[in-house]
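Below, each chain spelled out in residue letters.
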Amino acid sequence: MTLTTTTTHSVPVAPTIGALRPLGLDEVTITGGFWARRQDVNGQATIAHIGGWLEREGWLGNFDLAASGALPEGRRGREFSDSEVYKYLEAIAWEVGRRTAAGLPTDELEARFRAVVARVAAAQEPDGYLNTRFGRPGQGARWSDLEWGHELYCLGHLFQAAVARVRTRPDADDGLVDVARRAADLVCDVFGEGRDERICGHAEVEVGLAELGRALGEPRYLEQARLFVERHGEGTLRDIEWGRSYYQDDQHVRDADVLRGHSVRANYLAAGAADVAIETGDDELLRALDRQWDTTVERRTYVTGGQGSHHQDEAFGEDWELPSDRAYSETCAGVASVMFSWRLLLARGDARYADLIERTLFNVIETSPSAEGTAFYYANTLHQRRPGAVADAHAATPRAQSSLRAPWFDVSCCPPNTARTFASLAAYVATADASGIQLHQYAPASIRTTLDGGQAVALEVATEYPRSGSVRIRVLTDAAQPWTLSLRVPAWAEGARAMVRPADGGPEQVLDADQHGRPGTVSVDRAFAAGDEVELVLPVVPRFAAPDPRVDAVRGCLVVERGPEVFALESVDLAGTELAASDFADLRVDPDVPPRDDDDGSVTATIVDDRTGARGDVPLVRYHDWAERGPSQMRVWVPVVGA
Ligand SMILES: [Zn+2]
């Protein structure tokens, strides 16, 4: 199969074949609620915050130094700092697309985008090479340190930024797409078949090349992505203290049963491999990725959706090795996991991928930024034993210490990764196929698209999800023929149901939507008339969830969930309760008293001091909101009384 079509829609991923067609920012707008608030903060505060830090840390200035011939003296930041500039560009490109679709002004963002692109473009060498850390007198030679140099990794992010730009402003003349094309051509010349047959120590160029190939209709880039994917497992990278599994060079992708090694690298590679498998019709490779996803989600994923339980190598642990207090759960691993799941969802159409995406969005990616969008978690622990230290607001934090959110890190991959995800979030809400439209994520939204048969469809989604479980979809267009509206029903939604209310006042139809503990869908197939309404009612009430007994670290504990949100016990909430004087480590949860909703929107559980016997009702915090009230102790999994 070759690439024959390019999409005209504003999507981050556009497979030419698959079960579902993604709907882009030009077709879906999030119009209110939880995610619109985050998108506003992201667009108004986070993107500017990132730009400010890129400037003050000199990571943008590195491009100016490169252009003026002043490198390597004065170069600042780690070897991969160029990639943060590219993710920043990608975030702005999506934000411009989002604002354009919503009818909001984009002048200031456009100007910022063009100014940064001009500085990047000026640093590109005549043959297309682009990196501020290698290739000049006094620097390491080009491609001389593929294990740790991140040159191809950085270019992968450049390619994704170019994809965002060409899909949101195809007529833009800023030059970013040309910069990416010249760099991609060089990569193909240097690393093509029979040339340099090594890989990059940090996967990302695969997913970037594959999508750039799709976006520009350039099969050579997809072929280069395929070569990089196939070369993983050839052992071309040096063996290191954590083994070649760290950078997935220990085993061929198609032979692996589970994701392993560095969790961001593993997920970026899996996402790129999925693109390659889908575009080349490589069913064996796609089945291998299905298998890896299944096993990783069952055995190596935290209840939050977080992945990675080793601090020292930022890596997956063994099966069932999921300690709460040592959880690494890097924000970027959450972003990368969403990328991998989204590709499998488009290929397979199975709701379980959207279920994990939702869990990860609410409980990993949303946990990283503060409410104001100007401080971040890098690692996302599930258990803070000691109150953390307040991060310096005016200096980069040296490492991912998981105490309180910090404005910036010496390795600052996570903040721009959240920014590009939130700016493009509307592209993960809904898809279409030959039979109709599928809703995967629930938010107030406006959806307008054309079905395969040429039928125009418009929908309006109204909901207060995740505060409430009612999702009302109003159809705004008359249908010439019947089509199917499919709604995801999360695994936790026991007793879910759907109602169809015809615009003509006909009798309401009630559908049983309970999937009996598995993620699934409920579908309504009809010749919709304008004014028809479908309401999905999900039982969003607090509930206990128990861990898999094979996860030793949290055996005998429970977690409280409500809808897609995970809750936590935080020490600041003990003030004023009978447990104010208790040692946080002595606290247990009473499993016989179900968690319950309070009038103010919080959730309460009955907590007992195991040593003194004191007991009290304590409000739990949404995990993504923890540590917003100063240093505290926190735990997601709470031991049960008597365990
Ligand atoms: Zn990161």
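Definitions and limits used
- Residues numbered from 1 in each chain as written.
- Predicted model: local features only at pLDDT ≥ 70, side-chain atom pairs only at ≥ 80, totals over all residues.
- Heavy atoms only, no water.
- Phe/Tyr/Trp six-rings, centres within 6.5 Å; stacked < 30°, edge-to-face > 60°.
- Buried < 20%, exposed > 50% of the residue type's maximum accessible area, 1.4 Å probe, protein only.
- Helix = DSSP H or I, 4+ residues; strand = E, 2+ residues; numbered from the N terminus.
- Pairing = 2+ DSSP bridges.
- Axes fitted to C-alpha atoms, helices over the stretch in contact; angles between N-to-C directions.
- Contact = heavy atoms within 4.5 Å.
- pLDDT = per-residue confidence, 0-100.
- Polar contact = N/O pair within 3.5 Å; in protein donor to acceptor, adjacent residues only side chain to side chain.

Asker: If you had to explain the packing of aromatic side chains to someone new, which residues and values would you point to?
Answerer: Pairs of aromatic rings are described using the distance from one ring centre to the other and the angle between the two planes. Taken as a whole and judged by the stated rule, the model has 21 aromatic pairs. Between phenylalanine 34 and tryptophan 35, the ring centres sit 4.7 Å apart and the planes meet at 80°, which makes this aromatic pair edge-to-face. The class of phenylalanine 34 is buried, set by a relative accessible area of 14%. An angle of 65° between the planes, with centres 4.9 Å apart, marks the rings of tryptophan 342 and tyrosine 428 as edge-to-face. Placement of tryptophan 342 in helix H11 (residues 331–348) and of tyrosine 428 in the loop between helix H13 (414–423) and strand E4 (430–433) is noted, with a sequence separation of 86 residues between them.

Asker: An account of the pairing of strand E9 (residues 483–489) is needed here, citing residue identities and associated values.
Answerer: Here E9 lies mainly inside the structure; 7 of its 7 residues are buried. Of the two faces of E9, both are covered, the one formed by Trp483, Leu485, Leu487 and Val489 as well as the one formed by Thr484, Ser486 and Arg488. Pairing geometry for strand E5 (residues 436–439) and E9, over 4 bridges, is parallel. Considered in E9, the bridge of leucine 439 is made with leucine 487. Direction of pairing for E9 relative to strand E12 (residues 520–526): antiparallel, over a ladder of 7 bridges. Bridge assignment links leucine 485 to a residue of E12, and that residue is valine 524.

Asker: Run through the sheet that holds strand E6 (residues 445–450), naming residues and quoting values.
Answerer: Pairing is antiparallel across the open sheet formed by 7 strands, whose spatial order is E2-E6-E7-E8-E13-E10-E11. Strands at the two margins of the open sheet, each flanked by one partner only, are strand E2 (28–30) and strand E11 (509–512). Pairs of neighbouring strands in the sheet enclose a mean axial angle of 15°, with direction left out of account. Inspection of the sheet shows strand E10 (residues 497–501) paired to E11 by 4 bridges, in the antiparallel sense. By the bridge assignment for E11, arginine 497 is matched with aspartate 512.

Asker: Lay out helix H2 (residues 61–68) with the relevant residues and their values.
Answerer: Buried residues of H2: Gly61, Asn62, Phe63 and Ala66, and no others. Structurally, H2 contributes buried residues whose contacts are with helix H3 (81–101) and helix H4 (107–122). Just past H2, the residue glycine 69 takes up positive phi, approximately 80°.

Asker: Tell me what's going on with the confidence of the model for the protein, and back it up with residues and numbers.
Answerer: Atomic detail in the predicted coordinates should be set aside for any region of low pLDDT. The pLDDT averaged across the protein works out to 96; a share of 99% of its residues lies at or above 70. Overall, residues 1–5 carries pLDDT values under 50, and its contacts beyond four positions in sequence, including any with other chains, amount to 12 contacts.

Asker: Just give me the short version of the side chain of glutamine 441, but keep the residues and values in it.
Answerer: Relative to the helices and strands, glutamine 441 resides in the loop between E5 and E6. The class for glutamine 441 is buried, based on a relative accessible area of 9%. Among the polar contacts listed, one links the side chain of glutamine 441 to the side chain of arginine 488, at a separation of 3.4 Å. Excluding residues that lie within four positions of it along the chain, glutamine 441 makes contacts with Ala354, Ile357, Glu358, Tyr428, Val429 and Arg488.

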